[in-house]
Amino acid sequence: QQQVKQSPQSLIVQKGGISIINCAYENTAFDYFPWYQQFPGKGPALLIAIRPDVSEKKEGRFTISFNKSAKQFSLHIMDSQPGDSATYFCAAVNAGNMLTFGGGTRLMVKP
Amino acid sequence: DTGVSQDPRHKITKRGQNVTFRCDPISEHNRLYWYRQTLGQGPEFLTYFQNEAQLEKSRLLSDRFSAERPKGSFSTLEIQRTEQGDSAMYLCASSLKGYEQYFGPGTRLTVT
């Protein structure tokens, strides 16, 4: 059972545009929602994370929006750059245990 | 470099052989996780340790898989009698409290 659903699977954005990736979860026991960035051949790198008692968190060009009642959260990348081209994974954690990942979004930022 | 390290980075083995991977976590982290990632998919949880105790195992971890973390430091993941379906990237992550998990570069296993 896939507990975290991610969309879209792939995304093409022009340089300077906004990239938006969405995730939905089922398990209301999840209490921490990180986003990871992964380049080919590398391990996932923690990008930004949010807890369900916060509706939005911003770090530089990256913003997480969180809607607890809808059980949805999203990543916004402002002023997208070619260097942002990577695969992005949303994830969720329950009580500090294992990460449950979404299926991933392959982002391509065109110069 | 004080991040998570994994060894080897690549392993090619023949079907039926045994392989062992090593993970060295960030030194002060007491939690260590193993995940498996196949091409185009998100990582899937295999098992995790808090100090030397193995606290949870996924049903993905068949009897051919075993993991250890002696003395709560580095960890090893062994796969016995490898099958072609075991070909994947094996990722290790460490954490202080289970929330912010930091991944190593992974070990890419190819079973021929």
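A short tour of the structure in this document, coming up. (Residues numbered from 1 in each chain as written. Chains lettered and ligands numbered in written order. Predicted model: local features only at pLDDT ≥ 70, side-chain atom pairs only at ≥ 80, totals over all residues. Heavy atoms only, no water.)

Brief notes about the state of the cysteines
Then step 1. Evaluation of the coordinates by the stated rule reveals 2 disulfides over all chains.
Then step 2. The disulfide bridge from C23(A) ends at C90(A), spanning 1.9 Å between sulfur atoms. Where C23(A) bonds to C90(A) through sulfur, the torsion about that S-S bond is close to -95°, and the disulfide is left-handed. With C23(A) in strand β3 (residues 19–25) and C90(A) in strand β9 (residues 86–93), the pair connects residues that are 67 residues apart, well separated along the chain. One exposure class covers both C23(A) and C90(A), and it is buried.
Then step 3. Two residues share a disulfide in this structure: C23(B) and C92(B), whose sulfurs sit 1.8 Å from each other. The sign of the -65° torsion about the S-S bond sets the C23(B)-C92(B) disulfide as left-handed. Taken together, the residues span a long stretch of sequence, with C23(B) in strand β3 (residues 19–24) and C92(B) in strand β9 (residues 88–95) at a distance of 69 residues.
Then step 4. The exposure class assigned to C23(B) is buried, which follows from its relative accessible area of 0%.
Then step 5. For C92(B), a relative accessible area of 0% puts it in the buried group. (Disulfide = S-S within 2.5 Å. Helix = DSSP H or I, 4+ residues; strand = E, 2+ residues; numbered from the N terminus. Buried < 20%, exposed > 50% of the residue type's maximum accessible area, 1.4 Å probe, protein only.)

Considering the side chain of S19(A)
All names here are of chain A.
Then step 1. Mapped onto the elements of the fold, S19 is located in strand β3.
Then step 2. Judged by relative accessible area, which is 1%, S19 ranks as buried.
Then step 3. Of note is the side chain of S19, whose polar atom sits 2.8 Å from the side chain of S80.
Then step 4. When near neighbours in sequence (up to four residues on either side) are disregarded, S19 contacts L11, V13, L75, H76, I77, S80 and L107. (Polar contact = N/O pair within 3.5 Å; in protein donor to acceptor, adjacent residues only side chain to side chain. Contact = heavy atoms within 4.5 Å.)

With respect to the interface of chain A and chain B
Then step 1. Facing 20 residues of chain A, the contacting portion of chain B comprises 23 residues.
Then step 2. Together, the buried faces of chain A and chain B total about 1,600 Å²; carbon and sulfur atoms form 55% of this surface.
Then step 3. Where chain A packs against chain B, one counts 0 salt bridges.
Then step 4. At the boundary of chain A with chain B, the tally comes to 6 residue pairs in polar contact (both at pLDDT 80 or more).
Then step 5. Those elements that provide at least two residues to the side of chain A that touches chain B are β4 (33–38), β9 and β10 (99–101) of chain A. (Buried area = accessible area lost by both parts, 1.4 Å probe. Salt bridge = Lys/Arg side-chain N within 4 Å of Asp/Glu carboxyl O.)

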